[in-house]
Amino acid sequence: MSEVVYEETATMIAAGELQSFVPFGREHCRNHPNAFNLQLRELQPASELWSSDGAAGLVGSLQEVSLQERERECWQLRKGCMGVGEEDVEFEEELYTAGTVVVWSQGSRSQGSNVYKAFTVDSPVQQALWCNFAVPQNKKDEEEVEQTVCIVQRSCVNVHTVTGKDFISPLPFQVSNVWATKFGLLLERKNTATDAQLPPPGEPLPTVFSMLHPLDEITPVVCKPTGLFEGSRVQYLSDTSMKIVFSCVQPSLVVFYDTVQGIHSIWTLRKVTHDERSTVLRCAADPVDGPLGLMASSFLTSHLRNISRLDSPGGSGTTGLGPGTGTSCAVGTGSPLHYSALHSHQSRIMTSSPGLHSRVHSPSISNMAALSRAHSPGMAAPSFSGAARFNMSFHSSSPRGHHGLLASPNSTVNETMQEMEPIRPDLCMEQLWSETVTAGCHREMSSQAPKVFLTSDLCENRYLCFLVESHQQLRCVKFVESNDTSQLIFASVMTIPAKDAEPLPNIDAMLVLEACGSLVLYTGITRVSKVFVPGLLSPTFNLTNHLPHRSTPVENVSTPAYAGSRHLQRLDEAVMPSPVSELRGPNIKHHEGSFLEDYIFQPTTPYIHALRDPVCNRVTLELSSGTMLRISIPEIATSELVRKCLQAIRFILPKESAMKVLVKWYNIYNAPGGPSAHAEWSLFVTCFLTLMGYNTERLTWTRNLHFEVPLSPVIAAKKARPSDGGSDEDWDYLLGSHYHRHMNSQPVCSPVDSSGSNNTLITETEGMSSASSPSSPSLKLDSSAPLFPHIPALFYVLHLLYQELQLDELQRARATSLVCLLQQLARDLHLEEYVDLYWRDYPSLISGFNESCLIDQSLLGQMQHPSFLRAKPPCVLSWLSSCLRGEEIPPFPYLPGICQRSRLLVLSYALYITGDENATSTDVSKYLAKLSAGQKFCASELHYRRQSSVKVKFSSESLAEQLVVWLTSEGFTLKDLESVPFGVALPIREAIYRCREQPCSDWSEEVCLLIGRQDLTKQAHKMTLAKSKASVGSGLSLEPPATTEADEEEDGMSDITQEVTGLIWSQDLRVQEVRRLLQSSRPVRVSVVQLPEVSDHEYIEEKENKLLQLCQRTMALPVGRGLFTLFSYHPVPTEPLPVPKLNLTGRAPPRNTMVDLNSGNIDVPPNMTSWPSFHNGVAAGLKIAPASQVDSAWIAYNKPKSPELANEYAGFLMALGLNGHLTKLATLNIHDYLTKGHEMTSIGLLLGVSSAKLGTMDMSITRLLSIHIPALLPPTSTELDVPHNVQVAAVIGIGLVYQGTGHRHNAEVLLSEIGRPPGPEMEYCTDRESYSLAAGLALGMVCLGHGSNLIGMTDLNVPEQLYQYMVGGHRRAQAGASRERHKSPSYQIKEGDTINVDVTCPGATLALAMIYLKTNNRSIADWLKPPDTWFLLDFIKPEFLLLRTLARCIIMWDEILPNTEWVKSNIPQIMRGAFNPSEDINMETMAQAQDYITAGACLALGLRFAGSANSDAFDCLYEFAKTFMKIMSFAGTAAVQMGYYNLQTSLSMILLAMSMVMAGTGNLKVLQLCRFFHKRTGGEMNYGFHMAHHMALGLLFLGGGRYTLSTSNSAIAALLCALYPHFPAHSTDNRYHLQALRHLAVLAAEPRLLVPVDVDSLKPCYALLEVTYKETKWYDETTVELMAPTMLPELHLLKRIKVKGPRYWELSVDLSKETQHLKSILSRDGVLYVKLRAGQLPYKDDPQGWRSLLASTVNHRNSGVRAFKPEAISTFTSEPALVSFAEYFCKTSEGMKQREDTLVLFSAMLYECVTQECPEMLPTYIAIEQAVSALRRGDLLQTFPLWQMRLVVELWDSRLLRGPNNRHDALLPSEFLPVMKNMVDVALDSWLKDNSSVLRSYMRGEALPKDAQSTVLACFLVYRSIPCLRNTHTRLEGCSSLGDLLARSSQLGIPLRDLLRLAPVLLGSASGPQTLQGFPLQAF
């Protein structure tokens, strides 16, 4: 009988969704203005084209062209995946190529196709394909995948990435085919005739090359064959007969075809190992070969590299010599013959065009090859790097020309030997398998496979299939992964007769086109059934009826019959006679089908000719008529439940049986005209039971399953939309039918389908029913049925599946369907306890079933009873319940990969409730018993991914954390949690609630999502965003406010974000004031009163002189503005950067007349504005934030057209360096700018590039700088005329690039440069001070902070030499290289042989200060003490005293104290004491010295406390500032003695020190001082002082209040350069200090502003922070509270930062572990997302906190719940669910009048959810309430809600047992739960009182009651956790006393309190009911 079931040949399934297919690209190309359409125009005379019916003419020509154009069209489809919103939308992507156009389009079922990208290239496209390149990331081994489209043309490959980068990689040879692999592209070289011309010993050139990235070199692929003869030596793949036919990404395979032997072989592709690489490259360095061999091999390399394409671009008549790369292995023998042969060949080619060849060595190209990937792909850089060594095309007149030219060999060898190193291979192929060659095979050799694909069958076997057209067969090779999954093992080969085939990955099947033209579905190598395509095969249907064709001219052109997706041309019929070549001529005799004869008579019916483009379960049929149809093959099941059952069956059965069942089911389900998805479950049950041997006709419930007539086949072709939810209504209907009426049973045997395929299952059941007489009461199972032996195992897996469905609210409705099937099997297997379990779950349902079928005792032996089938049924809910009660529990069985939810919850409980830390890692087996089954299942090896952020702490908190982190790593989300039943989910919710209170700051985004902290999620999301490249200004995307006045010019300061500054300085308009002070783009007001005696002409001059004074100030403003607007702007890549203009005109009141300096009335210094406009450019450039996207092209695009703006651009370049963007500028452009020779541009560029490469020792930048420093060039080098200022900039640049490296050579050079004498002749005579200072600063930076441990520099005596420079003395003899330079003396300055201290002192002093910075080295510091006698004091410039004091203080860093005593302690004793009038004291000297020393100490104080806003330091400095201001205001003695200039200098330094301390804070007192100095313009207030004051203002508001200063060594060095205390006297003054260095202060800025942003409104807000300082030697660990947004102290001083409640959710960032997290927050605008707690209002709206929800309860007398008005909810929470709940359920509406109590209850629930901060608990509250009220009403249909209730109560009890202090963590804190619990108890007790007899009869094992009592009884048993007592009633009922009862029941595990409820029933039966009547309630 089983033969009947498995006779598969008769079956047939229907294909669905038939539609005509035209590649979308073809439609698109028709409208595309590409060359193809233009070509049409050229075909006709113009007159005809534009004639009246031009259109017709055009169409005619279209047909002419498209015949040969269309031959070249091809396309491929793939499955697209792009997450749209939540779920992935499935769609198809098409890549279509025709001519020069490539169209990439996307389309899905729901929406039509649309073009994603279209590309047009210059030459015809040979091939287009998708390829993913792996881009290695900088740090670890992680790689980022770039998705691209590669378009192959004849000479190059264009690569376009999805992100928008384009690359062009030139091809060094002609390519026949390109393949996408896991690593990148594989290129196959075309074989050309020249390969044969190599002399015999010449090694063939490699044929397969790889390109790992479009910017990488194309390298040959190495192979490791496994043949017997060669051994497995490694070699290049150079066999021209090997052709690639297939490549695949996962697993990484390549299939080759050997054209000589006709064999296919499979190779794995991997990265080459180091050994293999060296083996292949060894020949080049093998000593055995001797000189000749060595020469030959490197010769080959060079020869390969230089002969690139020999064919001229047109390819006219010349032959191409194959490319070649890499030396080849066989050049081992150093035979002279070999060498000369190669050699002659080489030289022939070389000398054929000497001119071209010489280009190889030009340095520009080889240097360009060094361009790295970092450069933007927008430029043409790649064409240099990839093929610099390849791309020399040699044109030769004729192929013979090569052989006649033999020149002397030596010329070329020496040239080529120097430069070429061999190309290193990247990939290696290893052979895994190849076909065996049988002797007879050579007669008919297999042809090359046009199709290769991977497929898998329903039981997870995997096959690699290739189609052999010549034999009309598909060969399938099965492969498996080895146990360590490192390699693949290929097994046997099976063949399937086929003309064509395609895989259908979605349904684990493949579609095969047989030779007779019929479609057959296979899964793996198992034939499933024929596929019936409606309207194709049966002659009665004609295709045209179904698919109306649009008859456009193009449509009629037939496509090539086989445009394979890989462009393999169809094998020519002449060469390969094949049985089915084309259906013409006599070939028809071969075929057997009848429809082909019809075909002859009925030429209209097309037949299927080929298959192509499979995506998911859809495939295209190519018809003989040239049209194409797209069909979809139906899935194996649409209902989720059926799918899960099939999975379980497949899991437990042996493979063969499983395959049979699945195939059988597939055929029944998908028969033409089969059932709709509606009846799917019914069909499944029938099929399944029949296969087990049941007679479904005889069982009442299965007979009633078929209550719908199968649809007729015509309708069935359009299958109903599969709906999962369909089965529930059926079941309600089904349940109804049991109780109320028996409907007429429909015979299962449906009418025979008109399609002619009768359903075999049906006939068989009919046969059975006739055999057994209808009246026989016993129903027997047929033991010969295929699944009969497996019934117990199948029952068990379905039972586990049922348990799984119980844990998912969305699936639970389906469990009702499954339970009917299970109870039947359980009855027949006599598993009483299982039936009891099902009855308890669905009492009303199960009571309706009572039939059971007999299984013959004799046959029981045939059944395989698996060991895991126990008598006690596994029940997941009772497992969880006993876990909560803390009982010992056996492991719970689960099916890997199917019962994931059970596994997840069981382990969660084990971890969180039992408290087993290792439950999820090592102790899994304690809690879960994995079923191993008929087959190994990939998911069974579950790898537990532990996240690194789990910190093992042994406390209840850490359990919650561990649980949450583990759940996330398992992919569990909030959405999943919602579908977990409320009782089961409560512990997880509790864990989440605990984690939410105190989360870890470094959790991943997913964990934060799970615990419901949107603030953290958003933060984590931003983190991941920042790691990827696409973060453009990912911080606050706050639009700058639109300017109110339209005429307001751009002052360059509009980008400061008002929202943040408005929060920091909310009380006043200080930011606007700063903008007013710093704006330089509007004319200034020149108010001069015209005195009566002044003539008009003089008055005009007076006004212009006044304007000149004011301009001194205007020109100094940009330096401050740059600091103020630092990093505040993200440029738009398509617009140039707006630079505000520097406006030096004035307006004179009252008539507002224009005053201009260029009128010629007064003398204006020349070049006055050149440096100010440089500063203006810097200020504009500094606005650009480091996170913005800036590329090389944009930088060049900003270059101004007019030459007068060149200075501004120079400044812009410097600024780009300071914010790190200049590294993106291509080397070409840098070179370009420097060769212009514009002084400012060079200064800006050198300083910018060096700042960008700070401390990197970058070699290319070093070269760039050295050219500008004569001292770094060799002494014999050409004298370059480098302007002095550029030299200064270059010297500082060296200091920056080598900062902190202690580089010996540079230190030595810089040390000697500090004291460089003037000369030779006229050079180095001006501005020597700035050069010497620069050398000192640079030396200090190179050795920054190294102190005395300068490695390897002891012989330089750095400190001593610097000391000498500082105090003077004899010049030392110049050593070595620099002696040459200083031979001839200077013609201008006579210095003699002593050191000129005036020049060298400042540089040396600061160098000492920086070398010994923070080292507290007292001996060096003592050198810097001011002299202690008046005599010596007279010899030192007061300015130098300032520098020495500053240097000494920052060396003794730790001794600096923020008080006036410390400052005064720096003044030497002799100045502090009383003066003896007899001594001759120069009061002026003394006063100046005192003031300068004070200023130096103040400056040191400013550096020590920079950016700290330390109030002591500020008060101290403010005191000194006031003192100096007082002295200045007395225009009397002191000021005269001091000199105004000196006073002003000291005052400026103190002001700068103050603004350093208060950097970024915008302190008002400092702002007032700055404003006071801003107004002073007359007298001695020169350009430099203005610059100092406005720099102070800029620092005070650094970056608009977002930045402050750091005190790291590097920052101190930058500040010393920028704030050097000698400011320029006028705008062109660079004598003492280069003005450009003032901007280096930016390098000391760091973002430390923390801005809380409300995660709901995304607006900045106030939040309370608690900042804890680490303890230091000055203070203990302290905690301060700050109101954010605020500046944080330096991070290394902090231990922890915490957002404090009660307004916002707490969040703490622990800095003791790592600061990286906080740093990245700060660097992205300091945005810290915070979330308001429900019931709270933000500080802005409610500063005192009097309006919060909890506060309102205090004001009212009554409790908070009553005072709570649901209407007000929206102000306190933003959860939309809560707001709408309040709206609809808590307001009294018309219908709700009578249910006042419900409203009150709902309002109370809502109040509790809001105040307890757990809005997600609202559904749980409601569910509990619903369950209890249903129980009280007595209309519960199933006991499931009571199970949940019981779990809730048990969790609550377990929490109470731990003690009352744990109450506050529990999630249900109020009285709600006890009330509900009491209600349940009362309801059940009152039932028990009345119906104890029912309980007794149940316990005696009598038949289950049928009436309504059964439901409540089941509820009682479940809630009271009474086990199945069928066989134990005797033991319990005989008890005489309570003690006896307790003793016996303890073995059963009934909880005590539940036992007390039972006691009256159990004991009452013995001693009469009245004794213990009222006992239990009191006892409880």
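Please read all numbers here as calculations on a predicted model, not as lab measurements. (Residues numbered from 1 in each chain as written. Predicted model: local features only at pLDDT ≥ 70, side-chain atom pairs only at ≥ 80, totals over all residues. Heavy atoms only, no water.)

*Asks:* What's the story with the overall build of the protein chain in this structure? I'm lost.
*Replies:* The secondary structure content of the protein chain amounts to 78 helices and 45 strands. Here the protein chain holds 1980 residues, and 56% of them are scored as buried. For the protein chain, the proportion of contacts with a sequence separation of at least 24, taken over those separated by at least 6, is 71%. For the protein chain, the accessible surface area stands at approximately 83100 Å², while carbon and sulfur atoms represent 55% of it. (Helix = DSSP H or I, 4+ residues; strand = E, 2+ residues; numbered from the N terminus. Buried < 20%, exposed > 50% of the residue type's maximum accessible area, 1.4 Å probe, protein only. Contact = heavy atoms within 4.5 Å. Areas by Shrake-Rupley, 256 points an atom, 1.4 Å probe, with all protein chains shown as cover.)

*Asks:* I keep staring at the sheet that holds strand E14 (residues 219-220) and nothing clicks. Help me out?
*Replies:* Hydrogen bonds between backbone groups are what pair the strands of a sheet, and the pairing can be parallel or antiparallel. Spatial strand order, E11-E12-E13-E14: 4 strands in an open sheet with antiparallel pairing. In this open sheet, the two edge strands, each paired with only one partner strand, are strand E11 (175-180) and E14. Relative to E14, strand E13 (residues 208-211) runs antiparallel, the two being bridged by 2 bridges. By the bridge assignment for E14, Ser-210 is matched with Thr-219. (Pairing = 2+ DSSP bridges.)

*Asks:* Is there a simple way to explain the pairing of strand E10 (residues 166-170) in this structure?
*Replies:* Each regular strand shows side chains that alternate between the opposite faces of the sheet. The pairing of strand E9 (residues 156-161) with E10 spans 5 bridges and is antiparallel. Counted as the bridge partner of Asn-158 is Ile-168 from E10. Connecting E9 to the antiparallel partner E10 that follows it, the hairpin turn spans 4 residues, and Gly-164 within it adopts a positive phi of roughly 105°.

*Asks:* What's the story with helix H26 (residues 812-828) in this structure? I'm lost.
*Replies:* Along an α-helix, a turn takes 3.6 residues, which lines up residues three or four apart on a common side. If you check H26, its first and last C-alpha atoms are 25 Å apart, about what 17 residues at 1.5 Å a residue would give, namely 24 Å. Along its length, H26 reaches its greatest deviation from straightness, about 30°, at Leu-818. Counting buried positions along H26 gives 16 out of 17 residues, so the element sits mostly inside the fold. Downstream of H26 by one or two residues, His-830 has phi in the positive range, about 60°. (Expected span 1.5 Å × (residues − 1). Bend = angle between axes of the 7 residues up to and from the residue.)

*Asks:* Can you help me understand the packing of helix H18 (residues 640-652) against helix H19 (residues 655-669) in this one?
*Replies:* Helix-helix packing is characterised by the crossing angle of the two axes and by the distance between the axes. Interaxial distance between H18 and H19 falls to 9 Å at its minimum, and their mutual angle equals 155°. Considered as vectors, H18 and H19 are oriented roughly antiparallel to each other. Handedness of the H18/H19 crossing: right-handed. Contacts between H18 and H19 pair Val-642, Leu-646, Ile-649 and Arg-650 from the former with Ala-658, Val-661, Leu-662 and Trp-665 from the latter. The class makeup of the residues in the contact of H18 with H19 is 7 nonpolar, no polar and 1 charged. (Axes fitted to C-alpha atoms, helices over the stretch in contact; angles between N-to-C directions. Parallel < 35°, antiparallel > 145°, perpendicular 65-115°, else oblique. Left-handed = near helix turned anticlockwise from the far one by under 90°. Nonpolar A, V, L, I, M, F, W, Y, C, P; charged D, E, K, R; others polar.)

*Asks:* Got a minute to help me understand helix H54 (residues 1438-1451) in this structure?
*Replies:* With 14 residues, H54 should cover 20 Å at 1.5 Å per step; its first-to-last C-alpha distance of 20 Å lies within 8% of that length. Most of H54 sits out of view: 12 of its 14 residues are buried. For H54, the full list of buried residues reads Phe-1440, Leu-1441, Leu-1442, Leu-1443, Arg-1444, Thr-1445, Leu-1446, Ala-1447, Arg-1448, Cys-1449, Ile-1450 and Ile-1451.

*Asks:* What's the story with the sheet that holds strand E16 (residues 235-236) in this structure? I'm lost.
*Replies:* The strand order across the open sheet formed by 6 strands is E16-E15-E20-E19-E18-E17, and the pairing between neighbours is mixed. Either end of the sheet is taken by a strand with one partner, and the two such strands are E16 and strand E17 (242-248). Pairing geometry for strand E15 (residues 222-224) and E16, over 2 bridges, is antiparallel. Across the sheet, the residue bridging to Cys-223 is Gln-235, located in E16.

*Asks:* Where do I start with the pattern of salt bridges in this structure?
*Replies:* Pairing is possible between side chains of opposite charge, provided their charged atoms come close. One pass over the structure, following the stated rule, counts 48 salt bridges. A salt bridge links Arg-1075 to Asp-1051; its shortest N-O distance comes to 3.3 Å. Highlighted residues: Arg-1075 in helix H39 (residues 1070-1078) and Asp-1051 in the loop between helix H37 (1014-1027) and helix H38 (1058-1064), separated in sequence by 24 residues. By the burial criterion, Arg-1075 is buried, and Asp-1051 matches it. Of the charged contacts, one joins Asp-1232 and Lys-1236 as a salt bridge, the two residues approaching to 3.4 Å between their closest N and O atoms. (Salt bridge = Lys/Arg side-chain N within 4 Å of Asp/Glu carboxyl O.)

*Asks:* What should I look at first to understand the packing of aromatic side chains in this one?
*Replies:* For any two aromatic rings, the description comes down to two numbers: the centre-to-centre distance and the angle of the planes. Evaluated as defined, the whole model comprises 33 aromatic pairs. Considering the side-chain rings of Trp-665 and Tyr-669, the 5.1 Å spacing of their centres and the 5° angle between planes classify their relative orientation as stacked. Taken together, the residues Trp-665 and Tyr-669, both in helix H19 and 4 residues apart, mark about one turn of the helix. Residue classification places Trp-665 among the buried residues on the basis of a relative accessible area of 1%. Overall, the relative accessible area of 2% leaves Tyr-669 in the buried class. Pairing Trp-1171 with Phe-1174 gives two aromatic rings, centres 5.1 Å apart and planes at 70°, and the pair type is edge-to-face. One end of the pair is Trp-1171 and the other is Phe-1174, both in helix H41 (residues 1170-1182) and 3 residues apart, which spans about a single turn. For the residue pair Trp-1171 and Phe-1174, the accessibility class agrees, reading buried in each case. (Phe/Tyr/Trp six-rings, centres within 6.5 Å; stacked < 30°, edge-to-face > 60°.)

*Asks:* Looking at this structure, I do not really get the confidence of the model for the protein chain. What am I missing?
*Replies:* Detail in the predicted coordinates should be disregarded across regions flagged by low pLDDT. Of all residues in the protein chain, 72% attain a pLDDT of 70 or more, and the chain-wide mean is 75. A low-confidence stretch, residues 1754-1758 (pLDDT under 50), is modelled with 3 contacts involving residues beyond four sequence positions or located in other chains. (pLDDT = per-residue confidence, 0-100.)

*Asks:* Help me understand the packing of helix H72 (residues 1872-1890) against helix H74 (residues 1909-1919), please; the structure alone is not making it clear to me.
*Replies:* Their axes nearest at 11 Å, the elements H72 and H74 cross at an angle of 125°. Taken as axis vectors, H72 and H74 run oblique relative to one another. With respect to the hand of their crossing, H72 and H74 are arranged in left-handed fashion. Across from Lys-1877, Val-1880, Asp-1881, Leu-1884, Trp-1887 and Leu-1888 in H72, the residues of H74 making contact are Gln-1909, Val-1912, Leu-1913, Phe-1916 and Tyr-1919. The residue makeup of the contact of H72 with H74, split by class, is 8 nonpolar, 1 polar and 2 charged.

*Asks:* Would you explain unusual backbone geometry in this entry?
*Replies:* A negative phi angle characterises most non-glycine residues, just as the trans form characterises most peptide bonds. With an omega of 0°, the peptide bond running from Pro-1149 to Pro-1150 counts as cis. Within the fold, Pro-1150 resides in the loop between strand E35 (1146-1148) and strand E36 (1153-1155). Each neighbour pair has its own omega, and for Ala-1684 with Pro-1685 the value is 5°, a cis peptide bond. In this structure, Pro-1685 sits in the loop between strand E41 (1679-1684) and strand E42 (1686-1687).

*Asks:* Looking at this model, I keep getting lost on the side chain of Glu-1690. Mind explaining?
*Replies:* Within the fold, Glu-1690 resides in the loop between E42 and strand E43 (1694-1699). Buried within the structure, Glu-1690 lacks any salt-bridge partner; Arg-1648 is the closest side chain of opposite charge, at an N-O distance of 4.3 Å. Side chain to side chain, Glu-1690 and Thr-1607 meet in a polar contact 2.4 Å long. Excluding its chain neighbours within four sequence positions, the residues that come into contact with Glu-1690 are Ser-1606, Thr-1607, Glu-1646 and Arg-1648. (Lys, Arg positive; Asp, Glu negative; His and termini not counted. Polar contact = N/O pair within 3.5 Å; in protein donor to acceptor, adjacent residues only side chain to side chain.)

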